[in-house]
Amino acid sequence: MEKARGRYTPGLEAASTGYSAAQTRTGAMIAMSSRTITMSDRLHAYLLNTVSREPEILARLRAETGPMEFGAMQISPEQGELMAFLARLHGVRRYLEIGTFTGYSALAVALALPEDGRVTACDVSEEWTAIARRYWLEAGVADRIDLHLAPAIETLDGLLAEGRAGSYDFIFIDADKPNYDGYYERALKLVRPGGLIGVDNVLWGGSVADPDNVEESTQAIRRLNVKMQADARVDYVLLPVGDGLALARRR
């Protein structure tokens with residue numbers, strides 16, 4: 001460090017250690033801000049029990065879904081809160097969801113919509129969406145949600161054929177990964193200019209960074225990540241929330 005020679009430059013230590021210059025000079029060893037903090041079980045419990053605003057009905061849905069065979073497919077509660085926040089911030093009135101599972105994300109967003117808001121939900125499972133319907137009804141939003149039980153590509157093509165291009169404010173993609181590119185391209189047509197597209201699982205448990213993992217879903221996510229990062233049609237950011245959430249704003 002140049003400090004030893006009498007030419008100390010504020011910020012130089014920060015560049016090499018990750019701590020701010022003021023923090024380093026005082027000897028305070030507090031968390032670095034140069035990378036996202038690791039979410040330990042204790043910290044996640046703090047997040048849920050102390051600062052979360054997760055509605056009670058969503059907490060019950062999460063608790064029922066968690067022990068299921070594919071319960072890990074459910075989005076994290078903090079991701080649900082972020083999506084609801086974005087819906088309110090962005091004035092979302094029309095929300096399209098590709099992959100609904102037991103309905104957590106659809107319910108989180110539906111509760112954030114105005115009275116005349118509408119949700120279009122796509123899934124293929126009667127079993128999983130029966131749970132979703134039960135909670136939507138209890139929450140008083142079932143009449144706002146149109147559930148399409150069919151392969152999502154067919155549903156999206158049908159919406160485009162009906163003239164729905166550019167009619168959605170927010171689209172969330174969380175379905176089978178090999179079809180992610182097809183969903184993304186159709187979402188770009190269905191979302192309005194200035195509208196949002198969210199893509200879930202874009203870090204895929206860290207597998208996207210493992211060069212030895214050549215599984216079909218992993219490779220499909222890698223391709224879409226690269227495509228979105230370079231896509232001049234959108235503004236783009238990837239957030240390490242949940243299993244990785246990519247957000248794109250159609251230009």
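Keep in mind the model is a prediction, meaning the values are calculated, not measured. (Residues numbered from 1 in each chain as written. Predicted model: local features only at pLDDT ≥ 70, side-chain atom pairs only at ≥ 80, totals over all residues. Heavy atoms only, no water.)

Next up on the list: the pattern of salt bridges. The final tally for this structure, using the stated rule, is 17 salt bridges. Residue E54 pairs with R62 through a salt bridge whose shortest N-O separation is 2.7 Å. For R233, the salt bridge is made with D231, and the minimal N-O distance between the two is 2.9 Å. It is possible to trace a salt-bridge network through shared partners that takes in D181, E185, K227, D231 and R233. (Salt bridge = Lys/Arg side-chain N within 4 Å of Asp/Glu carboxyl O.)

In this section: the packing of helix α4 (residues 56–65) against helix α7 (residues 126–139). Look at α4 against α7: their axes get within 11 Å of each other, and the N-to-C directions meet at 165 degrees. The orientation of α4 with respect to α7, classified from their angle, is roughly antiparallel. Remark: the crossing between α4 and α7 carries right-handed chirality. Of the residues in α7, those in contact with I57, R60, L61 and E64 of α4 are I131, R134, Y135, E138 and A139. Grouping the amino acids of the contact of α4 with α7 by side-chain chemistry returns five nonpolar, no polar and four charged. (Axes fitted to C-alpha atoms, helices over the stretch in contact; angles between N-to-C directions. Helix = DSSP H or I, 4+ residues; strand = E, 2+ residues; numbered from the N terminus. Parallel < 35°, antiparallel > 145°, perpendicular 65-115°, else oblique. Left-handed = near helix turned anticlockwise from the far one by under 90°. Contact = heavy atoms within 4.5 Å. Nonpolar A, V, L, I, M, F, W, Y, C, P; charged D, E, K, R; others polar.)

Quick look at unusual backbone geometry now. Located in the positive-phi region is N201, a residue other than glycine, with phi close to 65 degrees. Looking at the element boundaries, N201 is found in the loop between β5 (191–200) and α10 (216–230). When its relative accessible area of 12% is taken as the criterion, N201 is described as buried. The residue W204 is not glycine, and still its phi comes out positive at about 50 degrees. With relative accessibility at 26%, the residue W204 sits in the partly exposed group. (Buried < 20%, exposed > 50% of the residue type's maximum accessible area, 1.4 Å probe, protein only.)

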